Amino acid sequence: MSHSVKDHRGRPVVVVTGIGIITSLGEGKEDNWRNLTAGVSGIRKISRFPTEGLRTQIAGTIDWQGQDRYCAPLHSISLAKKSAAEAIEQSGIGSRGLFPGPLFVANSPAETNWDQRMVVYHGQAGAGTTGYERLLKNVRAGNFARYYSLFQFASIAEHLADEFGTRGQPISLTTACASGATSVQLGVEAIRRGDTDAALCVGTDGGICEEMVVRFNLLSALSTQNDDPQGASKPFSKARDGFVMAEGSATLVLESYEGAKARGAKILGVVRGAGERADTFHRTRSTPDGSAIIDTINRSMDDAGMSPAEIDCINAHGTSTPENDKMEYLALNAALGSELDSTPISSNKSMLGHTLSAAGTIEAAVSLLTIQAGVIPPTINCNEQDPNILMDVVPNVKRVQAVNSVMSNSFGFGGQNVCLIFSAEPA
Amino acid sequence: MSIEKTEVWVTGIGLVTSLGEGLDTHWAQLTSGKTPVASVDSEDQAPYLVHKIVDISIDTQIPKRSDQRQMGPWQHLGVYAAGLALDDAGIAHNPELLSATNMIVAAGGGERDLDVDTTIMEKIDGVENPGPILNASLNTELRPTLFLAQLSNLMAGNISIVHGVTDSSRTFMGEESAGVSAIETAVAQIQHGQGEVFLVGGAYIAERADMMMLMEFDHTLWQGEHGSIWSREDTAGGMVMGSAGAFLILESRQSAEARGAKPYARINTVVSNRCNRQPGASREVADGLFQRIADQIPTGPLPVLSGCCGVQPQLQEEHEFLDSLTGHGIDPIIRGVSTLFGNTLEAQFPVNVILASLAISRGAFFDPFDTSGVEKEFSGSPDRILLSTWGHWRGESLALIEKPDVALRGDQ
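Residues numbered from 1 in each chain as written. Chains lettered and ligands numbered in written order. Predicted model: local features only at pLDDT ≥ 70, side-chain atom pairs only at ≥ 80, totals over all residues.

**Some details on the pairing of strand β9 (residues 269–276) of chain A**
Residues and elements named next belong to chain A.
So, step 1. The element β9 is largely enclosed, with a buried count of eight among its eight residues.
So, step 2. Bridge count for strand β1 (residues 14–23) against β9 is three bridges, and the pairing is antiparallel. In the sheet register, Val14 faces β9, and the bridge partner there is Val271.
So, step 3. Bridge count between β9 and strand β15 (residues 416–423): six bridges; the pairing is antiparallel. Each bridged residue has a counterpart across the sheet, and for Gly273 the counterpart in β15 is Ile421. (Buried ≥ 20, exposed ≤ 12 C-beta atoms within 10 Å, placed from the backbone. Helix = DSSP H or I, 4+ residues; strand = E, 2+ residues; numbered from the N terminus. Pairing = 2+ DSSP bridges.)

**What to know about the sheet that holds strand β3 (residues 41–45) of chain B**
Residues and elements named next belong to chain B.
So, step 1. Strand order in the open sheet formed by three strands is β3-β4-β8, and the pairing between neighbours is mixed. Every interior strand has two partners, whereas the edge strands, β3 and β8 (241–242), have only one.
So, step 2. Relative to strand β4 (residues 48–51), β3 runs antiparallel, the two sharing two bridges. Following the sheet pairing, Gln45 is matched in β4 by Tyr48.

**Some points on helix α8 (residues 210–218) of chain A**
So, step 1. Of all nine residues that make up α8 of chain A, seven are buried, and the element is covered over most of its length.
So, step 2. Of the positions making up α8 of chain A, those classed as buried are Glu210, Met212, Val213, Val214, Arg215, Phe216 and Asn217 of chain A.
So, step 3. Those residues of α8 of chain A that are buried are in contact with α3 (114–121) of chain A together with α6 (131–141) and α7 (144–150) of chain B.
So, step 4. Two residues or fewer after α8 of chain A comes Ser220 of chain A, characterised by a positive phi angle close to 55°. (Contact = placed C-beta atoms within 7 Å.)

**Here we look at helix α7 (residues 179–193) of chain A**
An α-helical turn contains 3.6 residues, so a residue and the one three or four places further along point in the same direction.
Residue and element names in this part refer to chain A.
So, step 1. Across its 15 residues, α7 extends 21 Å between first and last C-alpha, which sits within 8% of the 21 Å expected from 1.5 Å per residue.
So, step 2. The element α7 is largely enclosed, with a buried count of 14 among its 15 residues.
So, step 3. Residue Gly194 follows α7 closely and has a positive phi angle near 80°. (Expected span 1.5 Å × (residues − 1).)

**What to know about the nonpolar core**
So, step 1. One finds Leu160 and Leu254 of chain A together with Ala81, Ala85 and Leu250 of chain B to be the most contacted residues of the largest nonpolar core, which totals 275 residues.
So, step 2. Element by element, the count of residues in this core is highest for helix α3 (residues 73–89) of chain B, at 10 residues.
So, step 3. Among all residues touching Leu254 of chain A, those that are not within four sequence positions of it are Val14, Val16, Gly187, Val188, Ile191, Ala198, Ala199, Cys201 and Val271 of chain A. (Core = buried A, V, L, I, M, F, W, Y, C linked by C-beta atoms within 7 Å.)

**Thoughts on the domain arrangement of chain A**
So, step 1. Under the domain assignment, chain A is made up of domain 1 (15–110 + 152–423) and domain 2 (115–149).
So, step 2. Computed from C-alpha coordinates alone, the two centres of domain 1 of chain A and domain 2 of chain A are separated by 37 Å. (Domains from an automatic or database assignment.)

**What about unusual backbone geometry?**
So, step 1. In this structure, the amide linkage connecting Ala46 of chain B to the following residue, Pro47 of chain B, adopts the cis form with an omega of 10°.
So, step 2. Structurally, the position occupied by Pro47 of chain B is in the loop between β3 and β4.
So, step 3. A cis amide bond links Gln312 of chain B to the next residue, Pro313 of chain B, at an omega of 0°.
So, step 4. Relative to the elements of secondary structure, Pro313 of chain B occurs in the loop between β11 (300–306) and α13 (314–324).
So, step 5. With phi around 65°, Asn381 of chain A is a residue other than glycine that occupies positive phi space.
So, step 6. Among the structural elements, Asn381 of chain A can be located in the loop between β12 (375–376) and β13 (399–400).
So, step 7. Taking the C-beta count within 10 Å as the criterion, Asn381 of chain A has 27 such neighbours and is therefore assigned buried.

Printed below as a string of structure tokens:
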């Protein structure tokens with residue numbers, strides 16, 4: 001019997017035919033999966049810039065030999081190109097430089113960093129003046145066309161559109177730490193509308209610089225356990241003290257099931273559903289009763305046409321902040337009820353750190369690899385689980401177990417909540 | 001299989017620009033029978049001109065001081081304009097409707113603290129190993145609220161907090177294209193039943209030296225006298241930036257009718273594409289976009305709101321493209337919006353959709369925005385208005401704002 005190419009609501013079924021990933025644990029699915037299942041941490045002392053005087057001096061940066069002088073949008077573009085190339089190659093869709101669908105890119109806002117600001121400041125034309133008057137005098141007299149194309153907010157997506165030949169105007173988006181999941185949502189929605197048969201969904205974040213570290217430190221969001229970088233990210237642990245910033249990128253090639261089957265593509269998984277609910281409580285915290293997150297999770301199951309009993313495993317947002325992990329447990333407990341007792345939940349951020357705009361896409365990729373391998377990556381650094389978080393967090397050691405479906409949570413500043421559900425291809 | 005697409009109505013508008021706040025003040029200035037006068041400031045960002053935002057009384061839309069303190073002028077303006085749109089649509093303070101209202105915000109970034117930047121630049125200037133001093137300065141000078149006020153998605157976040165909009169919430173980035181994509185996506189979602197009500201729009205504060213620097217990196221800013229956008233055609237070009245907060249409520253016809261809301265206009269067509277801006281490439285893209293909508297445009301006079309920002313060669317190419325419509329029997333009656341409003345970046349397309357909706361709902365088109373001779377009089381009641389939006393760096397789009405066949409807002 002051939003399975004329907006329409007879902008329970010008569011919409012086109014959306015499948016994944018290509019996955020690409022690059023993180024502090026390596027480039028490509030193979031290296032990442034090996035390290036993620038072995039419980040390896042990619043967090044280390046920051047070497048990109050001097051950290052003297054910073055409260056947090058650790059991160060999951062990605063640096064490689066022969067790299068250009070660090071520039072945030074260029075770095076995000078480089079990371080995204082690697083993950084997108086891997087995903088497109090695996091899917092075998094389109095032809096080189098010609099992807100047959102739209103591009104949705106989750107990235108941090110492109111900003112002029114201190115390095116570039118000082119390059120401009122040191123021009124000659126503005127000598128004798130200061131501040132932005134000096135910067136603007138130097139800009140008028142100089143040639144900074146490259147900065148112009150790099151620091152537009154559309155920059156990262158436009159450079160990717162040039163590289164991969166995606167269709168139409170690309171969409172650059174941000175929903176803070178839920179951005180990566182939003183890029184997948186937008187792709188799913190476009191395919192369900194019948195606007196396209198395929199979509200390229202990218203999350204990328206290469207934005208670790210002094211000012212970003214200080215900004216998150218000011219919000220008391222980051223771990224300051226600088227002496228033990230690899231042990232600093234400890235989601236669901238009693239001693240957790242904040243998240244660890246990290247870089248990375250992942251790309252999913254989404255296709256309609258019908259289109260993918262017609263071209264004989266290998267199906268890596270199905271995007272069963274997505275849920276979302278904005279919170280109104282606070283800029284950096286969830287409503288104390290968890291109602292917005294609970295609604296997000298319930299809406300994802302409703303969209304997928306699935307019940308709590310059908311969720312085999314959860315890829316947690318699990319940032320390792322005291323607030324997030326507590327609220328995530330509260331919400332899952334309310335939404336899944338007693339089913340949560342038998343549902344393992346694992347936080348990739350224990351190893352990868354928090355890749356911010358890319359996290360939702362990276363964790364979607366890991367969720368799909370989990371289904372394919374029948375192995376759940378562990379939540380590492382779980383030496384003493386928070387006694388108030390009563391979940392099976394797959395502590396420290398991977399779990400070999402058949403997994404047919406994974407729920408992946410993403411919650412961001414500004415009340416952004418997204419939940420995605422993936423499953424294996426119908427047998 | 002063809003599915004009947006849901007009709008998309010504009011049922012709420014919030015507009016604040018350099019010319020004023022609200023539809024009536026804009027209507028009065030743009031239909032007085034005389035050439036409208038732009039509000040131009042030549043001192044704030046000298047040597048550049050800028051269309052500064054008028055004063056807004058944020059207390060009326062953002063009543064809590066604790067909320068006001070968490071934002072800068074850019075987020076204040078967006079949250080304020082969004083509140084006006086929700087009020088205008090009759091959605092504000094209605095928890096049931098707000099919880100089913102989706103949001104797509106076209107956002108740039110918030111204001112940097114220029115004094116802090118200046119202090120730090122002076123401190124690390126000429127220092128051999130500036131890292132530790134930079135770190136120490138950032139630690140002491142930056143503030144948590146400043147970071148949140150800079151975060152692009154926090155305009156949407158603040159709209160949720162202040163106004164209670166809680167269905168989906170997405171923030172698109174990318175200058176003029178972000179405004180186009182926001183409305184194009186919302187229209188597509190409504191047409192296909194992926195939501196009934198959307199709050200869509202953006203805001204831009206032009207009087208900011210940090211943004212001036214970004215735009216001037218490629219020498220794209222105009223430094224001459226203020227004048228008609230078309231008067232820059234024989235020059236190397238350049239743009240004048242303008243401030244605006246522009247939000248719309250887009251709603252399915254069914255939803256609007258069920259709650260007795262009348263439309264200003266309907267939007268069924270937004271098309272967009274991109275190119276790498278080789279000379280002639282934008283024109284080629286626009287020709288392709290026009291082919292996709294040509295069958296919806298009858299011959300004869302066609303009011304056009306052009307987003308032309310003044311950057312060359314796109315200024316020339318867009319004008320040539322609009323003139324070429326005569327080859328299809330269409331007589332374009334063009335208004336160069338940036339002559340009066342400047343380039344309002346992420347807000348540009350929302351502003352133009354609002355102006356078009358205003359003209360449709362009041363049954364007349366605007367006076368010519370200048371005396372260049374490019375902009376001809378139009379005396380009838382427009383059935384449809386073409387919007388042409390080309391970004392200063394990337395992105396081309398066309399859209400049609402049309403008159404629905406029902407009683408409109410403003411009808412007696």
